[in-house]
Amino acid sequence: MRLFRSFAILIASLVFLPATFVQSKNQTRADKSPATATADAAALSHDLSGVWMPYSIHMDGIDENARPPLTPWGQARFDAASPLVGPRAVPGKENNPALHCEPEAVPKSLVLPNPFEIVQASGRMFMFFEQYHLWRTVWADGRPLPKDPDPSFLGYSVGKWEGDTFVVDTIGMNDKPWVDSYGNPRSEQMHLTERYRRLDHDTLEMQIIMDDPKAYTKTWINPPQRFKLEPNWEIAEFFCVVDEENVYGDAVRKPAGVAPK
């Protein structure tokens, strides 16, 4: 009888063991799920990698309606600009520096309807713009902005995390490119701030803030713009060739700007 009872207990244990194991496993999953989800969300919030594309109808990242008043220097530069778009555009009279293959640079390259790719590495972030095949370095190793950088098209950029927002500060830019397609200027005194936040896996939010006391009487604060992740895209070759730009201008751009009779 003792042998029979022992055998019965063994059989019962084998019968209920799988159910007990499954229940324990499910409880473990349930216990770990919130923590795992939180860890995944935290990792995603500090990961801006990928190819990003704006799909807004307008270049929402820089809102001309939010532009503060121009200084006398800024107004003179604005009046001398003949843009490709907008009410001031005159076919054949445009003088956008990009028509001579000068880089659009920042902040304009950030809002044009072309993709850019973000690659994060130790102590830095790279941004690769499809248009004109520009690449930009944002230092994220804790270094401060230089005190007297040599002016350049892209300037000198450093970035840091503030919670789930990656803040990029750039100084040391020259005054050659426009900040948008409407001819608004930038000077060597500009301090550009970009605030990046990943809202979810497929959505990146960016806000542009421009402080340029030589060109504008106040800080130009723009509304956030959103970008969509394109995981299957690759940055294409896109160079500016002066001869090709001139042929396109004569054959397409200038005729398209003339109203039909």
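Residues numbered from 1 in each chain as written. Predicted model: local features only at pLDDT ≥ 70, side-chain atom pairs only at ≥ 80, totals over all residues. Heavy atoms only, no water.

A.B. asks: Which residues make up the packing of aromatic side chains, and what are the values?
C.D. replies: The geometry of an aromatic ring pair is captured by two quantities: the separation of the ring centres and the angle between the planes. Inspection of the entire model under this criterion finds six aromatic pairs. With a centroid separation of 5.3 Å and an interplanar angle of 70°, the aromatic rings of Phe116 and Phe227 are classed as edge-to-face. Of the two residues, Phe116 is situated in strand β2 (residues 116-121) and Phe227 in strand β10 (residues 225-229); the sequence distance between them amounts to 111 residues. Both residues of the pair, Phe116 and Phe227, belong to the buried class. Geometrically, the ring pair formed by Trp161 and Phe166 is tilted, given 5.1 Å between the ring centres and 55° between the ring planes. One aromatic cluster is present, built from ring pairs that chain together Phe116, Phe129 and Phe227. One Lys or Arg, Arg67, reaches over the ring of Phe78 and ends 5.1 Å from the middle of that ring. (Phe/Tyr/Trp six-rings, centres within 6.5 Å; stacked < 30°, edge-to-face > 60°. Helix = DSSP H or I, 4+ residues; strand = E, 2+ residues; numbered from the N terminus. Buried < 20%, exposed > 50% of the residue type's maximum accessible area, 1.4 Å probe, protein only. Lys NZ or Arg CZ within 6 Å of the ring centre and 35° of its normal.)

A.B. asks: Could you give an account of helix α4 (residues 242-256), with specific residues and numbers?
C.D. replies: Compared with an ideal rise of 1.5 Å per residue, which puts 15 residues at 21 Å, α4 spans 20 Å between its outermost C-alpha atoms and is within 8% of the ideal. Of all the bends in α4, the greatest, near 50°, is centred on Gly249. Turning to α4, its buried residues number three or more, namely Glu245, Gly249 and Arg253. (Expected span 1.5 Å × (residues − 1). Bend = angle between axes of the 7 residues up to and from the residue.)

A.B. asks: So what about the side chain of Thr71? Which residues, and what values?
C.D. replies: Relative to the helices and strands, Thr71 resides in the loop between β1 (50-53) and α2 (72-80). Looking at Thr71, the relative accessible area reads 11%, which means it is buried. A polar contact is formed between the side chain of Thr71 and the backbone nitrogen of Gly74, at a distance of 3.1 Å. Discounting chain neighbours no more than four positions away, the residues touching Thr71 are Pro213, Lys214, Ala215, Tyr216 and Thr217. (Polar contact = N/O pair within 3.5 Å; in protein donor to acceptor, adjacent residues only side chain to side chain. Contact = heavy atoms within 4.5 Å.)

None of this, on its own, says anything about what the molecule does.
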